[in-house]
Amino acid sequence: MLTVGILISGSGTNLQAILDRVADGSLRARIGLVVSNRPGVLGLERAAAAGVPTQVIEHRGYARREDFDAALVDTLRRAGVELVVLAGFDRLITRVLLGAFRDRVINIHPALLPAFKGLHAQRQAVEYGVRVTGATVHFVDEDVDHGPIILQGAVAVDPDDTVDTVTARVLEVEHRLYPAAIQLFADGRLEIAGRRVRVHGGAPALPPPQLRPW
Ligand code: GRF
């Protein structure tokens, strides 16, 4: 079974969704380790409650990003990790991690990439006035929020929405997308072909966007 390592920095609701799907048997993978770069965050408690080993590696203890990544690589390798899942991890990763886990690092972003890269994507979407936003799971490459896209899910935005309501709606999609993407990887069904990701056997059925008339 695929061994997954999850990197977090905070509340870890995506981590929780993944743990829940492993617990109910709908995600057939083993979560070998959860690493946080911040001590005391809720995500660490979620992992511990699920019986998953945790480790804190504080980025502040390292002079360079590359040194921090080398420590991550060492820890992830010791835990036998084969797929690295970034779940609200707030550090930029470098070639040190990407080189050690080539095509084996994935991320979730709370917008329909390539729209609204970077921080506060939900706020960017609301302020821009888009009618549709969503979430994207993608392979990580050297550029931020840029690698080949695995799955996307959409949600409607209407003029009465706030950043909070959109964030909550997008999170529901995130919590369905991320376990589904991990399962596809675990089943060996993802093939990167340039910018595109071929999903062998077809992409899983995801709920359609709840588009409303305006
Ligand atoms: C999510 O919105 C995710 O898309 C982004 O960071 C947030 C993490 O939330 N990368 P959580 O810690 O999983 O609750």
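So, here is what we can say about the structure in this document. Quick caveat: nothing in here was measured; it's all calculated off a predicted structure.

Parameters and conventions
- Residues numbered from 1 in each chain as written.
- Predicted model: local features only at pLDDT ≥ 70, side-chain atom pairs only at ≥ 80, totals over all residues.
- Heavy atoms only, no water.
- Near = heavy atom within 4 Å.
- Polar contact = N/O pair within 3.5 Å; in protein donor to acceptor, adjacent residues only side chain to side chain.
- Helix = DSSP H or I, 4+ residues; strand = E, 2+ residues; numbered from the N terminus.
- Nonpolar A, V, L, I, M, F, W, Y, C, P; charged D, E, K, R; others polar.
- Domains from an automatic or database assignment.
- Phe/Tyr/Trp six-rings, centres within 6.5 Å; stacked < 30°, edge-to-face > 60°.

A separate point is the site of the ligand. Around the ligand sit Ser11, Gly12, Thr13, Asn14, Gly88, Ile108, His109, Pro110, Gln122 and Glu174, and those are all the residues in its vicinity. At 3.0 Å from an oxygen atom of the ligand is found a side-chain nitrogen or oxygen belonging to Ser11. The set of elements that each furnish at least two residues to the shell around the ligand consists of α1 (13-23) and β5 (105-109). Looking at side-chain class alone, the shell around the ligand contains 2 nonpolar, 7 polar and 1 charged residues. For the shell around the ligand, the two domains that each supply at least three residues are domain 1 (1-102) and domain 2 (107-214).

Two aromatic rings are characterised by how far apart their centres lie and by the angle between their planes. Across all of its chains, the model carries 4 aromatic pairs by this definition. With centroids separated by 5.9 Å and ring planes inclined at 50°, the aromatic side chains of Tyr62 and Phe68 adopt a geometry described as tilted. Grouped by ring-pair contacts, the aromatic residues Tyr62, Phe68 and Phe89 constitute a single cluster.

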